[in-house]
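Close look at the chain arrangement
This is what each chain is made of:
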Amino acid sequence: MNAFCIESPAPVRLGEKEAARWRRLAIIWALYYLISWTVGQNVQTVQKIIWGGAALVGAASIPVFVRNRVWQNLPAEGICLCLFSAWTATGFFIAQNDAMFWLQFRQVAELALIVLFVSIVLRHSAGAGWFFGAFLLVSTIKVALGNEPMSLAQLQVETRIASANTLGFHCYMGLVGMFGLWGKTERLWARIPLLSGGLIAMYGVVLSASRGALVVTMVLVVLWVLFCQVASSRVKMAGILGAVLILYGGHVLFRFVIRDTYMGKRFMQSTQLEDSSSRTRLELFNTGWDMFLSRPLFGCGIGQFGSASGLGYNTHNEMVEIAATTGLPGLVLYYSAFLMAWRRLTRSIRRLGQPEDRYQINVARIALLTLFISGAIFRPNFLSQNSM
């Protein structure tokens, strides 16, 4: 569930019974995310969990949607992604690899439907806290129950773990969840487990050795300090002092990561283009833009970059991948969803007076911005199931 869906800025006013139905629906969707990315990752059960869960969630959602006639006021970002999904169908007529076209066309359609459905649920339930909790639990479970015990020595092992980028992304989302829930309580007994979960998620980011995950995590922390921690402080000087201490602690942690971990080694190599991975990604980036300039209207077709370029990869860059495979119309439609979500969240801040509401909206805006950055530097989020 991505940041398009993290919070609804203006929950719909409902009767008590109907509000309870929407809250239950938010819990069901959050549980689906949690189960899909924990229990559902067992090779023997993954398909049953994903498809069986989707059927159950859909069966629970559609009657509530129909009863409330949600089609009369659909979220703009969901509509943009549905239009983007429809545009990618034009790739069918120019596809060189039919199997890859249908695979990625299905993934795009799934993304559009999930964003649309979850946006509707959050708009009526204001149940973002359940999703924040699911994000944090998934990252904690994946790290704590991983193949290797948690230790500082493990961070120095010069080898990439299985599904490293996926772990890095989940742990970044775990930090989003921790920050989201942090603003919902000031009780020490509640914040201690949140902080513990956040530290585990941070450990997972470093363990993944995913440089993109490290960059978006740093951006996430800095933006949270500036827009949430300081802005929500009752005493501004105390908030500023707290921000300075947090940023200094982050600086010390970053120096440790760079100096004493495999993540740091990979990060520094990438800044100098000393590793083959960084050079390959630069080549893919340049090739993707050249393909876009040669086919600016339709691109080469969704899922066709590897075949059309002869490189056998995706571009590892969301903006370039969309431009190269769907052309300028696809690029505009896809990023219009980000723009619509940002505008909706920003307008809501001006209307909402409660500090907790403003805090939640700022967390959502930060998550949306960092999701945009993560796509631009290291992963096509629209093709990654765990981004949904």
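Note that residues are indexed from 1 along each chain, following the sequence as it is written. Confidence filtering applies because this is a predicted model: local features only for residues at pLDDT of at least 70, side-chain atom pairs given and counted only at 80 or more, and all residues used for totals across whole chains, interfaces and linings. The side-chain numbers reported here are obtained from all heavy atoms of the structure, hydrogens and water having been left aside.

1. Thoughts on the overall build of the protein
Segments assigned H or I by DSSP are reported as helices when at least four residues long, segments assigned E as strands when at least two residues long, and all are numbered from the N terminus. Helix and strand content of the protein: 14 helices and zero strands. Along the protein, helices (α) and strands (β) appear in the sequence α-α-α-α-α-α-α-α-α-α-α-α-α-α when read from the amino end. With C-alpha atoms as the basis for the radius of gyration, the globule rule is written as 2.2 Å multiplied by the number of residues raised to the power 0.38. The C-alpha radius of gyration computed for the protein amounts to 21 Å, which stays within 12% of the reference 21 Å derived for 388 residues, consistent with globular compactness. The principal-axis extent of the C-alpha atoms belonging to the protein is close to 55 × 55 × 45 Å. With a 1.4 Å probe rolled over the protein chains alone, any residue whose accessible area is under 20% of its type maximum counts as buried; one over 50% counts as exposed, and the rest are partly exposed. Counting over 388 residues, the protein shows a buried share of 50%.

2. Description of the pattern of salt bridges
The salt bridge definition used is simple: a Lys or Arg side-chain nitrogen within 4 Å of an Asp or Glu carboxyl oxygen. The final tally for this structure, using the stated rule, is five salt bridges. The partner of Glu-77 in a salt bridge is Arg-344, with the nearest N and O atoms 2.2 Å apart. Of the two residues, Glu-77 sits in helix 3 (residues 76-88) while Arg-344 sits in helix 13 (residues 318-351), which places them 267 residues apart along the sequence. Between Asp-260 and Arg-259 there is a salt bridge, with the nearest N and O atoms lying 3.2 Å from each other. Taking the relative accessible area as the measure of exposure, Asp-260 reaches 28% and is therefore partly exposed.

3. Side note on helix 7 (residues 188-208)
The terminal C-alpha atoms of helix 7 lie 30 Å apart, and with 21 residues this matches the ideal 30 Å at 1.5 Å per residue to within 8%. Directly after helix 7, the chain includes Ala-209, whose backbone phi takes a positive value near 55°. Multiplying 1.5 Å by the helix residue count minus one yields the expected span of that helix.

4. Points about empty space enclosed by the protein
Here a cavity means grid points, on a 1 Å grid over the protein atoms only, where a 1.4 Å probe fits yet cannot get out; a pocket means an open set of points with protein on both sides within 12 Å along at least five of seven lines; lining residues are those with an atom within 4 Å of a point. Grid points are joined across faces, edges and corners, and a volume is the space filled by probe spheres set on the points. Following the criterion strictly, the structure yields one cavity of 30 Å³ or more and no others. Computed from the structure, the largest cavity encloses a volume of approximately 60 Å³. Residue lining of the largest cavity: Gln-154, Leu-155, Val-157, Thr-159, Ile-161, Val-206, Leu-207, Ala-209, Tyr-262 and Met-263, and that is the complete set. Contributions of two or more residues to the lining of the largest cavity are made by helix 7 and helix 10 (262-271). A class-by-class count of the residues in the lining of the largest cavity yields eight nonpolar, two polar and no charged. Residues are sorted three ways: Asp, Glu, Lys and Arg are charged, Ala, Val, Leu, Ile, Met, Phe, Trp, Tyr, Cys and Pro are nonpolar, and all the rest, Gly among them, are polar.

5. Let's talk about the packing of aromatic side chains
Aromatic contacts are taken between Phe, Tyr and Trp rings whose centres are within 6.5 Å, Trp giving its six-membered ring; a plane angle under 30 degrees counts as stacked, one over 60 as edge-to-face, and the others as tilted. If you walk through the whole model with that rule in mind, you get 23 aromatic pairs. Seen in terms of ring centroids, Trp-29 and Tyr-32 are 6.4 Å apart; in terms of plane orientation they differ by 75°. Their pairing is edge-to-face. Of this pair, Trp-29 and Tyr-32 are both found in helix 1 (residues 16-36), three residues apart, which corresponds to roughly one turn of the helix. A relative accessible area of 16% means that Tyr-32 is categorised as buried. Ring centres of Phe-285 and Trp-289 lie 6.3 Å apart, and the angle between their planes is 75°; on these two criteria the pair is classed as edge-to-face. Linking Phe-285 with Trp-289, this pair stays in helix 11 (residues 276-294), spanning four residues, or about one helical turn. Here the aromatic cluster, defined as three or more aromatic residues joined through ring pairs, consists of Trp-22, Trp-29, Tyr-32, Phe-65 and Phe-117.

6. Digging into the state of the cysteines
We call a pair of cysteine sulfur atoms a disulfide whenever their separation is within 2.5 Å. Scanning the model with the defined rule gives zero disulfides in all. As a non-bridged cysteine, Cys-80 has Cys-82 as the owner of its nearest cysteine sulfur, 9.4 Å distant. Relative accessible area serves as the criterion here: at 13%, Cys-80 is assigned to the buried category.

7. Topic: the packing of helix 9 (residues 236-260) against helix 10
All axes here are fitted lines through C-alpha atoms, helices being fitted over the stretch that makes contact, and every angle between N-to-C directions spans 0 to 180 degrees. In the contact formed by helix 9 and helix 10, the axes pass within 5 Å of each other and the chain directions differ by 85°. When the axes of helix 9 and helix 10 are compared, the pair comes out roughly perpendicular. Contacts between helix 9 and helix 10 involve Phe-254, Val-257 and Ile-258 on the former and, on the latter, Met-263, Gly-264, Lys-265, Phe-267 and Met-268. Looking at the contact of helix 9 with helix 10, its residues break down into six nonpolar, one polar and one charged. Orientation labels follow simple angle bins: below 35 degrees gives roughly parallel, above 145 gives roughly antiparallel, 65 to 115 gives roughly perpendicular, and whatever is left gives oblique. Working rule for contacts: check all heavy atoms of both residues, and any pair within 4.5 Å makes them a contact.

8. So, the nonpolar core
In this structure, Tyr-172 and Tyr-334 are the most contacted members of the largest nonpolar core, which totals 91 residues. Setting aside residues up to four positions removed in sequence, Tyr-334 forms contacts with Leu-81, Phe-84, Leu-111, Glu-318, Ile-322 and Phe-382. One finds Leu-284, Cys-300, Phe-305 and Ala-324 within the second-largest nonpolar core, a separate group that totals five residues. Each nonpolar core is a collection of buried residues, namely Ala, Val, Leu, Ile, Met, Phe, Trp, Tyr and Cys, held together in the definition by side-chain atoms within 4.5 Å.

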